[in-house]
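Spelled out from the first residue to the last, the chains are:
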Amino acid sequence: MAGRHPSNLNRKIVTGIGDDCAVLRRLPRQDSLVTTDLTLEGIHFRRDWHSPEAVGYRCLVRGLSDIAAMGGEPVAAFLSLALPRDLPQGWVGRFLRSMVDLGAKYGVGLAGGDTAESPRGILADIIVVGAVPKGKAILRSDARAGERIYVTGELGGSAAAVARMRKKPKGKLNPRHFPRHFFPEPRLEVGRVLREQGLASAMIDTSDGLSTDLAHICEESGVGAELWASAIPRASVGKPSREVDLHFALHGGEDYELIFTAPRGKRVPNRIAGVPVTHIGQITKGRKIFLRNESGVGYELQPKGWEHFAG
């Protein structure tokens, strides 16, 4: 896919699709952010459950959410596709339009990529390039004992949708009733505010779920954590709307919210850029993560990674 960029969508893309390489304009006093994610048919989506619009949207959201978790701003995206020979061209067109529309919303141009034939299923490899002021990227490794733990939005909505689809595999869910699964919003503005105001010491997105992603922060920072079950914000899904089980909120991935720790003395508002922010626990000196139930009884919380649609 890598002429001259067709619009002023992003002036950092000097040359996009049409040449052998894209040309990105590097600004002074900035660090580059680069993230890559694979989207695989049968693992991250199923064509009988997900529209091509949802697949294209979610494919780009994965990369945008990584940029958000570093407090950065996205610059350009690169997409490589491996497609089965019998895949209708209309499916591909709808997939790409959805991705391009989402990119336009956040000022991200599709600057290049590649296509190939797949012997089995759809594979989409997305690379997103972003930028952050020099030395200001929010890492996973800077959480300290005594700091508070926060999460944006609500958790478990995507995993609850997957559970319903598995229960009734021939049924179709209405995306309006399960928005955090089909069309999640990347928390780019929240991440930017947290970085600009110095509110977050460490941060990660909930691509794999609260238990697993918080464990990544603890491992990289050499700390432990204590969570309060009653404080964890659970998503409400379906029609009529019902709150998801705590299990989904703890272990369900692909909500693309942000988990972050706040330095001592920092006042974190309960909403940032219109998104709810909830205090759910604190960082401890130990290396383990404990969950306290509503009776105050604590037990060790084991990370249980997101399994997607495998099996």
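Everything here concerns the structure above.
Analysis parameters
- Counting restarts for each chain: residues are numbered from 1 in the order of the written sequence.
- Only residues with pLDDT of 70 or above have their local features reported here, since the model is predicted, and side-chain atom pairs are shown and tallied only from 80 upward, although totals for entire chains, interfaces and linings are computed over all residues.
- With hydrogens and water stripped out, all remaining heavy atoms of the structure feed into the side-chain values.
- Think of a patch as exposed residues, more than 30% relative accessible area, with no salt bridge, where like charges cluster within 9 Å and nonpolar side chains (Val, Leu, Ile, Met, Phe, Trp, Tyr) cluster within 5 Å.
- Areas reported here follow the Shrake-Rupley algorithm with a probe of radius 1.4 Å; residue values treat only the protein chains shown as occluding.
- Salt bridges, as used here, are contacts in which a Lys or Arg side-chain nitrogen is within 4 Å of a carboxyl oxygen on Asp or Glu.
- In this charge count, Lys and Arg are treated as positive and Asp and Glu as negative; neither His nor the chain ends contribute.
- Each charge is placed at NZ for Lys, CZ for Arg, CG for Asp and CD for Glu.
- Under the DSSP-based scheme used, a helix requires at least four consecutive residues in state H or I and a strand at least two consecutive residues in state E, with every element numbered from the N terminus.
- Paired strands, in this sense, are two strands between which DSSP finds at least two bridges.
- The pocket and cavity definitions rest on a 1 Å grid over protein atoms only: a 1.4 Å probe that fits but cannot leave marks a cavity, an open set with protein on both sides within 12 Å along at least five of seven lines marks a pocket, and residues lining either have an atom within 4 Å of a point.
- Grid points are joined across faces, edges and corners, and a volume is the space filled by probe spheres set on the points.
- For this scheme, ten residues count as nonpolar: Ala, Val, Leu, Ile, Met, Phe, Trp, Tyr, Cys and Pro. Four count as charged, namely Asp, Glu, Lys and Arg, and the remainder, Gly too, count as polar.

Participant: So, a positive patch on the surface: which residues are in play, and what are the values?
Facilitator: A cluster of like positive charges, contributed by Arg 164, Lys 167, Lys 168 and Arg 242, occupies part of the molecular surface. With respect to the secondary-structure elements, Lys 168 resides in the loop between helix 3 (157-167) and helix 4 (179-182).

Participant: Hey, could you go over the pairing of strand 14 (residues 275-284) for me, with residue numbers and the actual values?
Facilitator: As judged from the five bridges shared by strand 7 (residues 148-152) and strand 14, these two strands associate in the antiparallel manner. Paired with Tyr 150 across the two strands is His 279, which belongs to strand 14. Note: strand 9 (residues 224-228) against strand 14, four bridges, orientation antiparallel. When the bridges of strand 14 are listed, Glu 226 appears paired with Gln 282. Relative to strand 14, strand 13 (residues 271-272) is paired through two bridges, and the arrangement is antiparallel. Residue pairing across strands places Arg 271 opposite Pro 276, the latter belonging to strand 14. Taken together, strand 13 and the strand that follows it, strand 14, pair antiparallel across an intervening segment of two residues, in which Ala 273 is found at a positive phi of about 55°.

Participant: Which residues make up empty space enclosed by the protein, and what values do they have?
Facilitator: By volume, the largest cavity amounts to about 50 Å³. Lining the largest cavity are Thr 39, His 44, Phe 45, Val 55, Arg 58, Cys 59, Arg 62, Glu 254 and Tyr 256. Considering every element that reaches the lining of the largest cavity, the biggest residue donor is helix 1 (residues 52-69), with four residues. Classifying every residue of the lining of the largest cavity by side-chain character gives four nonpolar, two polar and three charged.

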